[in-house]
Amino acid sequence: MITAQAHPAQPRWQQLWRDAVRDPHELLRMLDLPELATKLSAAAAGQFPLRVPRGFVARMRRGDPHDPLLRQILPVIDEERVVPGFGLDAVGDAAARGATGVIHKYTGRALLVATGSCAVHCRYCFRRHFPYAEETAAASRWAEALDYLRADSSIEEVLLSGGDPLSLSTPKLAEFTDALAQIAHVRTLRIHTRLPVVLPERVDTELTDCLRRLRQNVVVVIHANHANDIDASVDEAMARLRATGATLLNQSVLLRGVNDGADALTALSRRLFDAGVLPYYLHQLDRVAGTAHFEVGDETARALIVTMRERLPGYLVPRLVRENPGEHSKAPV
């Protein structure tokens, strides 16, 4: 008698991923906000579907139509507005293509679009129109991307982005990091990820063991926009990441109706520090089609930074920047 081989159970984080909320009406029922149904956009949800883990939904305030976490992920009619100056590739990714899935804009570092998948679909996402089907580094088992990195000895830092690189399974990530370890001139691996915030279960033992083995300096840049993004489960995930020896930074986007006040930004910096994460960048909005309702003017943004400097030590004040296509670094605002 031949018995079937048992398949290993999926990690818990993948099970939670599959259980994410994908129906905007279900989300509003969960939050006791039926009145917001008239503001939903089927067109926006069709083009860029809702996806949000239930643990992140649990941090939202029930009955509050202005909840800052809800505003980040709810597809609304405002996204349908056509606004001059807002396009499909606001940061010039296409012009900086080095190889399949490789974006090479800045001296000494290259970015790999590891995957198009994310555990959460943020409505202000600057790659919401990115051609992931054709431009994903992991699709060809990293071969073309790795060849590009080997051929350019000036590249000392590799950034994994996406989508979200931690949406890949840990064995898939290890496939890349094991190969990267053979490229002597790459000294730093930087991972840009929202998963430890919206799905902190992703930071499991398998992942931390993988990170701990890396020979490069490891920097993990998380993405939190509001102090309410962070709860005890995120604190625990940050502690596990710090224990690997990784440097933890945060970058935020300045968003109208989410964090466009000095109190909100000050609270975010303090909450990040409590979690062991240093504020890094506060980005002005990338002007991607469908996001104009989030934009905050430069004068307001600079005034917010002035107030933060008055309230916080310098190491908790993020740098206010904008990414301009064709420039060789982020531009101070």
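Residues numbered from 1 in each chain as written. Predicted model: local features only at pLDDT ≥ 70, side-chain atom pairs only at ≥ 80, totals over all residues. Heavy atoms only, no water.

## Focus on the overall build of the protein chain
Across its full length, the protein chain carries 12 helices and 10 strands. For 333 residues, the compact-globule estimate of 2.2 N^0.38 gives 20 Å, and the C-alpha radius of gyration of the protein chain, at 20 Å, lies within 12% of that figure. The dimensions of the protein chain, computed from C-alpha atoms along their principal axes, are 60 × 55 × 40 Å. For the protein chain, the proportion of its 333 residues judged to be buried stands at 56%. Counting contacts in the protein chain only where the partners sit at least 6 residues apart, residues at least 24 apart contribute 82% of the total. For the protein chain, the exposed surface amounts to about 14800 Å²; the carbon and sulfur share of it is 52%. When the 40 basic and 40 acidic side-chain charges of the protein chain are each reduced to a single mean position, those positions are 2 Å apart. (Helix = DSSP H or I, 4+ residues; strand = E, 2+ residues; numbered from the N terminus. Rg over C-alpha atoms; globule rule 2.2 N^0.38 Å. Buried < 20%, exposed > 50% of the residue type's maximum accessible area, 1.4 Å probe, protein only. Contact = heavy atoms within 4.5 Å. Areas by Shrake-Rupley, 256 points an atom, 1.4 Å probe, with all protein chains shown as cover. Lys, Arg positive; Asp, Glu negative; His and termini not counted. Charge placed at Lys NZ, Arg CZ, Asp CG, Glu CD.)

## Topic: the environment of Leu180
Tracing the backbone shows Leu180 in helix α7 (residues 170–180). Leu180 sits 31 residues away from Leu149 along the chain, and the two C-alpha atoms are 8.7 Å apart. Sequence-distant contacts of Leu180, that is, excluding residues within four places in its chain, are made with Leu146, Leu149, Val158, Val186, Leu189, Arg215 and Gln216.

## Let's talk about the packing of aromatic side chains
Under the definition given, this model contains 6 aromatic pairs. Both rings, one in Trp142 and one in Phe176, keep their centres 4.5 Å apart while their planes meet at 35 degrees; by these two values the pair is tilted. Of this pair, Trp142 sits in the loop between β3 (109–115) and α6 (143–151) while Phe176 sits in helix α7, and the two are 34 residues apart along the sequence. Both residues of the pair, Trp142 and Phe176, belong to the buried class. For the pair Tyr280 and Tyr281, a centre-to-centre distance of 4.1 Å together with 20 degrees between the ring planes defines the contact as stacked. Lying over the aromatic face of Phe130, Arg127 brings its terminal NZ or CZ to 5.8 Å of the ring centre. (Phe/Tyr/Trp six-rings, centres within 6.5 Å; stacked < 30°, edge-to-face > 60°. Lys NZ or Arg CZ within 6 Å of the ring centre and 35° of its normal.)

## A short note on the nonpolar core
By size, the foremost hydrophobic cluster in this structure holds 77 residues, and its most contacted members are Leu112, Trp142 and Phe176. When sequence neighbours within four positions are dropped, the list of residues in contact with Trp142 reads Leu112, Ala114, Ala137, Leu160, Leu168, Lys172, Glu175 and Phe176. Core analysis: the second largest hydrophobic core is formed by 13 residues, Leu282, Ile305, Val317 and Leu320 among them. (Core = buried A, V, L, I, M, F, W, Y, C linked by side-chain atoms within 4.5 Å.)

## Observations regarding α7
Three or more residues of α7 are buried, namely Thr170, Leu173, Ala174, Phe176, Thr177, Ala179 and Leu180. Of the surrounding secondary structure, the elements contacted by the buried residues of α7 are β3, α6, β4 (157–162), β5 (188–192) and α9 (205–212).

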